[in-house]
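# Notes for the structure review
Each chain, written out:
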Amino acid sequence: DRGLMWFRRDLRVQDNAALHHALKHCRQVWCVFVFDTEILDPLPRADRRVEFIHASVLELDAGLRALGARHGRERTGLIVRHAAAREDIPRLARQLHVQAVFTNHDDEPAALARDAQVLGALAHAGVMLHSHKDHVIFERREVLTQAGQPFGVFTPYKNAWLRKIEPFFLKAYPVDKYAPALAPLPDAMDGPLPRMSDLDFETTNLSKLPMPTGASGAQTLLADFMERIERYDTARDFPAVKGPSYLSVHLRFGTVSVRQLASLAWQMHLQGMKGASTWLSELIWRDFYHQILANFPHVVSKAFRPEYDKVRFEHGKHAQALFAAWCEGRTGYPLVDAAMAQINQTGYMHNRLRMVVASFLVKDLGIDWRWGERYFAEKLIDFDLAANNGGWQWAASTGCDAQPWFRIFNPVTQSEKFDPQGKFIRRYLPQLAGLSDAAIHAPWKAPELELVAADVRLGQTYPNPIVDHAIARERTLERYAVVKRCP
Ligand code: FAD
């Protein structure tokens, strides 16, 4: 009857599956978050995600205190540790003499390995580990084909998802009425919470970005998005327009409940609102890639379809130099460079641009998609192994339901189509701001007089293109032809 709630990627009080079960089934519940040294130690000392988590953990602590106080419980709150979670959770469970630890599923391979170790150590001490689905609507093998197999193609998955969905799966897990089970913090654990510097991290520019943290930040973004969701289907592809929800980082760290979002979207979808239907589809893509990772974990390092592992990408010094130019936004293709400036300066990148830069890296520069995947994993504040891997394999045509390999984005056409007035480009590449709407997508084609007037000196104030798209395209078709020749 004593339980420990272990928060991970579910940093909220309301509608939290594991917290609900812990409070409902135990007489006394402590709550813990571990800043896991095994995850944090390899990271650079300034990382927006650590700061996002830190701020959200502070809010979670305040939320648990307030929840306890409303029910006459004093000194409830969050125990915050800085240690290796796989050793610390069993240690804490022993110290608090709990009979069970409650947590929510995390299906990333490293998390599964950690949880298996924790389970073993807890079992040794006679403590149970209860894990719950919380992060997605349907997971693992919940949505299967008629033949009982996991789906590898999105549209039939989505149709099956929509057939299966009903209010039961979207209902919030009530927490308030069970709050009296929150236990007071032991004296030794009621000290001030660690600061960023205690964790050995510097602060970043996060607080200057329009990326509010914590459960309250998520609700602010959600309220704003609800004003625009009707136009989502038409606005979502234009990076200069405030089209999407910007909720990905909140979904990543669970500062918002996916059930709350999917339930809103589903109701509006049933009323026939197109924007909501398209947005619901995006949430279903998220479930789709999570079940891909859970059912086909080889995707972490290999192509979803093995024949694509035969494709040979560029390597050596030249490839390294091209890759560095891509990372630093020096390719000479303005939309690509502006997109890379966005991820480097803010940790976010618009979905259309993720597709454009990923395609450019793989199909214009001939570089292994895994290099790009790794770079995104370092930089994206919403980095999520399942969605990132899925997105990269889609762009590289190696994945499930991927872009066919012979379909190759033209970075200039994409720019003309999705940033027609060059508004997004001008925001991130002010050195090109003086060019006309027609010239800004491909400055090397601009008349000399216009370049002079706009004070653009190619090769000096802005690079010349590092590849010729037409030539690169032919090379890519050859590179991928091995797949066709595969038995
Ligand atoms: P919205 O348009 O408001 O969409 C709502 C939510 O749906 C998102 O928050 C996200 O959780 C989910 N979603 C939307 N599109 C996708 C998608 N294609 N796949 C899976 N889920 C989706 N998304 C991540 O969350 N983390 C990643 O690391 C990530 N890496 C990507 C890498 C590449 C190469 C590509 C092409 C896409 C990647 N995406 C990733 C998907 C998508 O770009 C982002 O989810 C989206 O841009 C986040 O912005 P938003 O919250 O405003 O999205």
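Residues numbered from 1 in each chain as written. Predicted model: local features only at pLDDT ≥ 70, side-chain atom pairs only at ≥ 80, totals over all residues.

What follows covers the overall build of the protein chain. Scanning the protein chain for helices and strands turns up 21 helices and 5 strands. On C-alpha atoms alone, the protein chain measures out to a radius of gyration of 24 Å, which is about the 23 Å that the 2.2 N^0.38 rule sets for 487 residues. Dimensions of the protein chain along its principal axes, counting C-alpha atoms only, are 75 × 50 × 50 Å. (Helix = DSSP H or I, 4+ residues; strand = E, 2+ residues; numbered from the N terminus. Rg over C-alpha atoms; globule rule 2.2 N^0.38 Å.)

Near the ligand there are 28 residues, and of these P244, S245, S248, N388 and G391 occur at the shortest range. Mapped onto the shell around the ligand, the elements with two or more residues apiece are α10 (248-253), α12 (274-295), α15 (351-364) and α17 (385-395). Looking at the shell around the ligand, the element that brings in the most residues is α17, giving 6 residues. Of the residues in the shell around the ligand, the class split is 15 nonpolar, 6 polar and 7 charged. Residue-level mapping places the shell around the ligand at the junction of two domains, with at least three residues from each of domain 2 (136-172 + 216-295) and domain 3 (306-481). (Near = placed C-beta within 6 Å. Nonpolar A, V, L, I, M, F, W, Y, C, P; charged D, E, K, R; others polar. Domains from an automatic or database assignment.)

The next point concerns the pairing of strand β1 (residues 2-7). The buried fraction of β1 is high, at 5 of 6 residues. Bridge count for β1 against strand β2 (residues 28-36) is 6 bridges, and the pairing is parallel. By the bridge assignment, R2 is partnered in β2 with Q28. (Buried ≥ 20, exposed ≤ 12 C-beta atoms within 10 Å, placed from the backbone. Pairing = 2+ DSSP bridges.)

Inspection of the secondary structure assignment puts N104 in strand β4 (residues 100-104). For the pair formed by N104 and N16, sequence separation is 88 residues and the distance between their alpha carbons is 8.6 Å. Not counting residues up to four positions away in its chain, the partners in contact with N104 are R8, D10, A17, A18, S131, H132, D134 and H135. (Contact = placed C-beta atoms within 7 Å.)

Once that is clear, we can look at the packing of helix α6 (residues 154-164) against α12. Their axes nearest at 10 Å, the elements α6 and α12 cross at an angle of 105°. Relative to α12, the element α6 lies roughly perpendicular. Counted together, F154, Y157, K158 and W161 of α6 and S281, I284, W285, D287 and F288 of α12 form the full contact between these two elements. (Axes fitted to C-alpha atoms, helices over the stretch in contact; angles between N-to-C directions. Parallel < 35°, antiparallel > 145°, perpendicular 65-115°, else oblique.)

Time to look at the domain arrangement of the protein chain. When its domains are assigned, the protein chain resolves into domain 1 (2-134), domain 2 (136-172 + 216-295) and domain 3 (306-481). Using C-alpha coordinates to define each centre, domain 1 is positioned 26 Å away from domain 2. Among the residues making up the side of domain 1 that touches domain 2, the classes are represented as 3 nonpolar, 2 polar and 7 charged.

In this model, helix α5 (residues 109-124) (16 residues) spans 23 Å end to end at C-alpha, consistent with the 22 Å of a helix rising 1.5 Å per residue. Where α5 is buried, its residues meet α4 (85-95), β4 and β5 (128-132). Two residues or fewer past α5, G126 is found with a positive phi of approximately 75°. (Expected span 1.5 Å × (residues − 1).)

Moving on, we get to the sheet that holds β2. The strands making up a sheet associate through backbone hydrogen bonding, with each pair oriented either parallel or antiparallel. Sheet architecture is open: 5 strands sit in the order β3-β2-β1-β4-β5, paired in parallel fashion. In this open sheet, the two edge strands, each paired with only one partner strand, are β3 (78-83) and β5. Strand-to-strand twist of the sheet, defined as the mean angle between neighbouring strand axes without regard to direction, takes the value 25°. Where β1 lies against β4, 3 bridges are found, and the strand directions are parallel. For G3, the partnering residue across the bridge sits in β4 and is A100.

Quick look at the environment of R141 now. Position of R141 relative to the elements: it lies in the loop between β5 and α6. With 150 residues separating them in the primary sequence, R141 and Q291 have C-alpha atoms 7.3 Å apart. R141 has contacts with P150 and N295, leaving out every residue within four places of it along the chain.

This next bit is on unusual backbone geometry. The backbone of D200 shows a phi angle near 70°, a positive value even though the residue is not glycine. With respect to the helices and strands, the residue D200 is situated in the loop between α7 (167-170) and α8 (214-226). One non-glycine residue, Y246, lies in the positive phi region at around 60°. The residue Y246 is located in the loop between α9 (232-235) and α10 in this model.

This part is about the nonpolar core. Ranked by internal contacts, the top residues of the largest apolar core, which has 134 residues, are M5, V29, V32, V101 and A339. With residues up to four places along the chain from it excluded, the contact list for V29 reads G3, M5, A22, L23, A181, L182 and A183. (Core = buried A, V, L, I, M, F, W, Y, C linked by C-beta atoms within 7 Å.)

Among the 11 residues of α17, 11 are classified as buried, and the element is accordingly described as predominantly covered. Those residues of α17 that sit buried are L385, A386, A387, N388, N389, G390, G391, W392, Q393, W394 and A395. Buried-residue contacts for α17 involve α12, α15 and α16 (369-379). S397 sits one or two positions beyond α17 and adopts a positive phi of about 65°.

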